[in-house]
Amino acid sequence: MKKKFSSSPFMKIRDRMDASSGAMFAELGLGEDQGWALSDFYRRRLERVDRIAIKQGVLTCPIIYIGRANSLQRRLNELAFDGHTINAPFWALLMSGWELEVGFKKMRKKAETAEEARLKGIYRKLHSNDLPPLVKR
């Protein structure tokens, strides 16, 4: 999955964008050293797919937690485009034929932090104190 994603047209275009971004920023007067390094970011984040538990070709848990957000529309835009820490694993899974469903729970303002901690606690209790596979903290 990681190899396929890393050599995909998506990543080839990211590499080209990164390579040419320094010249673009220099032309704008912001300095050539302001170039992007999104390809490296994507490749580092891609390692998170290794934490998805699969035994004998079967997912051991179908939950891939993507965190809390104060705007569902913003969160979905972050997943589809840039801005979310699991953007690269998300695209790698989709490009490998995975079908993902997004679920959400609407909360009162300021109640989401406690609810997120509660849900992560339940998950950890059921999974040997591990966080969901794509979550770092």
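Summary of the structure given here. (Residues numbered from 1 in each chain as written. Predicted model: local features only at pLDDT ≥ 70, side-chain atom pairs only at ≥ 80, totals over all residues. Heavy atoms only, no water.)

### Some thoughts on the nonpolar core
Side chains that are nonpolar tend, in soluble globular proteins, to be buried together.
(1) Moving on: Core analysis: the largest hydrophobic core is formed by seven residues, namely Val49, Ile52, Leu79, Ile86, Phe90, Leu93 and Leu134.
(2) Moving on: Discounting chain neighbours no more than four positions away, the residues touching Val49 are Met1, Lys2, Pro89, Leu93 and Leu134.
(3) Moving on: Residues Phe5, Leu46, Ala88 and Ala92 belong to the second largest nonpolar core, which totals six residues. (Core = buried A, V, L, I, M, F, W, Y, C linked by side-chain atoms within 4.5 Å. Buried < 20%, exposed > 50% of the residue type's maximum accessible area, 1.4 Å probe, protein only. Contact = heavy atoms within 4.5 Å.)

### Examining the packing of aromatic side chains
(1) Moving on: Scanning the model with the defined rule gives seven aromatic pairs in all.
(2) Moving on: Pairwise contacts between aromatic rings join Phe5, Phe10, Phe41, Tyr42, Phe90 and Trp91 into one cluster. (Phe/Tyr/Trp six-rings, centres within 6.5 Å; stacked < 30°, edge-to-face > 60°.)

### So, the pattern of salt bridges
(1) Moving on: Counted by the stated rule, this structure contains 10 salt bridges.
(2) Moving on: For Arg68, the salt bridge goes to Glu116, with nearest N and O atoms at 2.9 Å. Residue Arg68 is located in the loop between strand 2 (58–59) and helix 4 (72–80), and its partner Glu116 is located in helix 6 (residues 112–126); the two are separated by 48 residues in the primary sequence.
(3) Moving on: With a shortest N-O distance of 2.8 Å, Glu78 and Arg74 are connected by a salt bridge. On the criterion of helical spacing, the pair formed by Glu78 and Arg74 is a turn pair, its members being four residues apart in helix 4.
(4) Moving on: One continuous salt-bridge network, built from bridges that share partners, spans Arg68, Glu112, Glu116 and Lys120. (Salt bridge = Lys/Arg side-chain N within 4 Å of Asp/Glu carboxyl O. Helix = DSSP H or I, 4+ residues; strand = E, 2+ residues; numbered from the N terminus.)

Keep in mind that these numbers describe shape and distance, not what the molecule does.
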